[in-house]
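What the coordinates show
Take a look at the letters that make up each chain.
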Amino acid sequence: MNSFISWIGGKKLLRKRIVAEFPEKESFNRYIEVFGGAGWILFASDKHAEIEVYNDVNGNLVNLFRCVKYHSEALQKELEFLLMSREQFFDAKEQMEIRGLTDIQRAARFYIVIKESFGSDLRSFSVRPKNIDNAINYIQTVSERLNTVVIENQDFECILKTYDKEDALFYLDPPYFETEKYYPDRFILEDHVRLKAALKRLEGKFLLSYNDCEYIREVYKDYEIIEMERMNNLVQGEKRPRFKEVLIKNY
Ligand SMILES: C[S@@+](CC[C@H](N)C(=O)[O-])C[C@H]1O[C@@H](n2cnc3c(N)ncnc32)[C@H](O)[C@@H]1O
């Protein structure tokens, strides 16, 4: 199934290719999506493993996922009153900053800001028409999929420590090297170094996505590195630039 939102760096276009690199199903019993975002890899299967975990450090995003999981009907109701328009987009964006909203009110406004911004940048209003009724109805289906998924809101290092076990599979899609500025939560060189060190300590299996660059190739030279290419989905037309990525695995 599809995710219910798009997200910067979302793996919509590469999800089949990425899931094809997972180890054999029998070899892992827990699946952990450490840098969850829109969860495109989680949603790519009806169930990856007995235990499934979605995590992201972004509190607004995790609140949205939790409201979809636990309060889907209330969230749908809240969204019914929010018309899709330029004014509504900027109102929702501004209201995100004020105190006193309930989790459901906050989730609804964040949903609007994601849906209505250009390339999900959370800043500029996108004029492309969308069928918002279908999108709101889809929240129910997503809620059912999340029913057994544990939703966490932690820094990646804590998640790796908490869920590591021999039968674990971690999929990691961190902010790419030198593209970190696109995310509200900064990810600096120190975090990339911290991630490499934490992955080295793992007992379980990991599959890691990154942009294809010299630095990442050097840091992960002891692991298998698989090359991939995708279209740049922020650019329209036939001459879309292609973007090189890598998948790195420890199995
Ligand atoms: C490239 S996006 C993930 C996209 C996701 N794979 C998808 O398909 O939608 C990276 C995510 O990492 C999250 N993130 C940034 N720093 C983090 C940290 N220290 N720990 C956990 N998540 C973090 C960001 O909020 C962002 O949602």
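What counts, and at which threshold
- Position labels on residues start from 1 in each chain and follow its written sequence.
- Totals for whole chains, interfaces and linings use every residue, but because this is a predicted model, local features are given only for residues with pLDDT of at least 70 and side-chain atom pairs only at 80 or more, for both listing and counting.
- Heavy atoms from the whole structure form the basis of all side-chain values; hydrogens and water molecules are not counted.
- Here a residue is near a molecule or strand as soon as one of its heavy atoms is found within 4 Å of it.
- Here the accessible surface of atoms and residues is derived via Shrake-Rupley with a 1.4 Å probe, and residues count as covered only by protein chains that are part of the display.
- Three categories are distinguished: nonpolar for Ala, Val, Leu, Ile, Met, Phe, Trp, Tyr, Cys and Pro, charged for Asp, Glu, Lys and Arg, and polar for the others, with Gly belonging to the last.
- Here a pair means two rings of Phe, Tyr or Trp (six-membered ring of Trp) with centres within 6.5 Å. Their orientation is stacked below 30 degrees between planes, edge-to-face above 60, and tilted elsewhere.
- Secondary structure elements are defined from DSSP: runs of H or I of at least 4 residues count as helices, runs of E of at least 2 residues count as strands, and each element is numbered from the N terminus.
- Relative accessibility under 20% of the residue-type maximum defines a buried residue, over 50% an exposed one, and the middle range a partly exposed one, all with a 1.4 Å probe and only protein chains included.
- Two residues qualify as a contact provided that any one of their heavy atoms is within 4.5 Å of a heavy atom in the partner residue.
- Note on pairing: two strands pair once DSSP finds at least 2 bridges between them.
- Segment limits for the domains were obtained from an automatic or database-derived domain assignment.
- When two components associate, each loses some accessible surface as probed by a 1.4 Å sphere; the sum of these losses over both components is called the buried area.
- N or O atoms closer than or at 3.5 Å make up a polar contact, with two conditions inside protein: a donor-capable atom paired with an acceptor-capable one, and, for residues adjacent in sequence, both atoms drawn from side chains.

1. A look at the site of the ligand
Around the ligand, the surrounding shell holds 23 residues, and the nearest of these are Trp7, Ala38, Asp56, Asp155 and Asp173. Protein coverage of the free-state accessible area of the ligand, which is 610 Å², stands at 98%. For the shell around the ligand, a count of residues per class yields 11 nonpolar, eight polar and four charged.

2. Digging into the packing of aromatic side chains
In this structure the tally under the stated criterion is 16 aromatic pairs. With centroids separated by 6.2 Å and ring planes inclined at 65°, the aromatic side chains of tryptophan 7 and phenylalanine 110 adopt a geometry described as edge-to-face. Taken together, the positions of tryptophan 7 in the segment before helix H1 (15-20) and phenylalanine 110 in helix H5 (residues 103-116) put the pair 103 residues apart, joining distant regions of the chain. The class for tryptophan 7 is buried, based on a relative accessible area of 11%. When the ring of phenylalanine 22 is compared with that of tyrosine 31, the centres are 5.5 Å apart and the planes differ by 35°; the resulting orientation is tilted. Take phenylalanine 22: its relative accessible area is 13%, and that puts it in the buried class. One aromatic cluster in this structure is built from Tyr176, Phe206, Tyr210, Tyr220, Tyr223 and Phe243.

3. Observations concerning the environment of glutamate 178
Inspection of the secondary structure puts glutamate 178 in the loop between strand S4 (168-172) and helix H8 (189-200). Put simply, glutamate 178 and isoleucine 188 are 10 residues apart on the chain and 8.3 Å apart in space, counted from C-alpha to C-alpha.

4. Re the environment of lysine 47
If you trace the backbone, lysine 47 turns up in the loop between strand S1 (30-33) and strand S2 (51-55). In the structure, lysine 47 is positioned 114 residues away from lysine 161 in sequence and 23 Å away in space, judged by C-alpha atoms. Setting aside chain neighbours within four positions, we find lysine 47 in contact with Lys25, Glu52, Arg145 and Thr148.

5. With respect to the pairing of S4
The buried fraction of S4 is high, at five of five residues. Across the two faces of S4 the burial is the same, with Ala168, Phe170 and Leu172 and Leu169 and Tyr171 all buried. Sheet topology note: the S1/S4 ladder contains four bridges and is parallel. Looking at S4, one finds that arginine 30 is bridged to alanine 168.

6. Some points on the domain arrangement of the protein
Structurally, the protein comprises domain 1 (1-57 + 153-251) and domain 2 (59-143). Here domain 1 and domain 2 share an interface that buries about 1,700 Å² over both sides, 72% of which is from carbon and sulfur atoms. At the junction of domain 1 with domain 2, the criterion picks out three residue pairs in polar contact (both at pLDDT 80 or more). Class assignment of the residues belonging to the side of domain 1 that touches domain 2 gives a composition of 11 nonpolar, seven polar and one charged.

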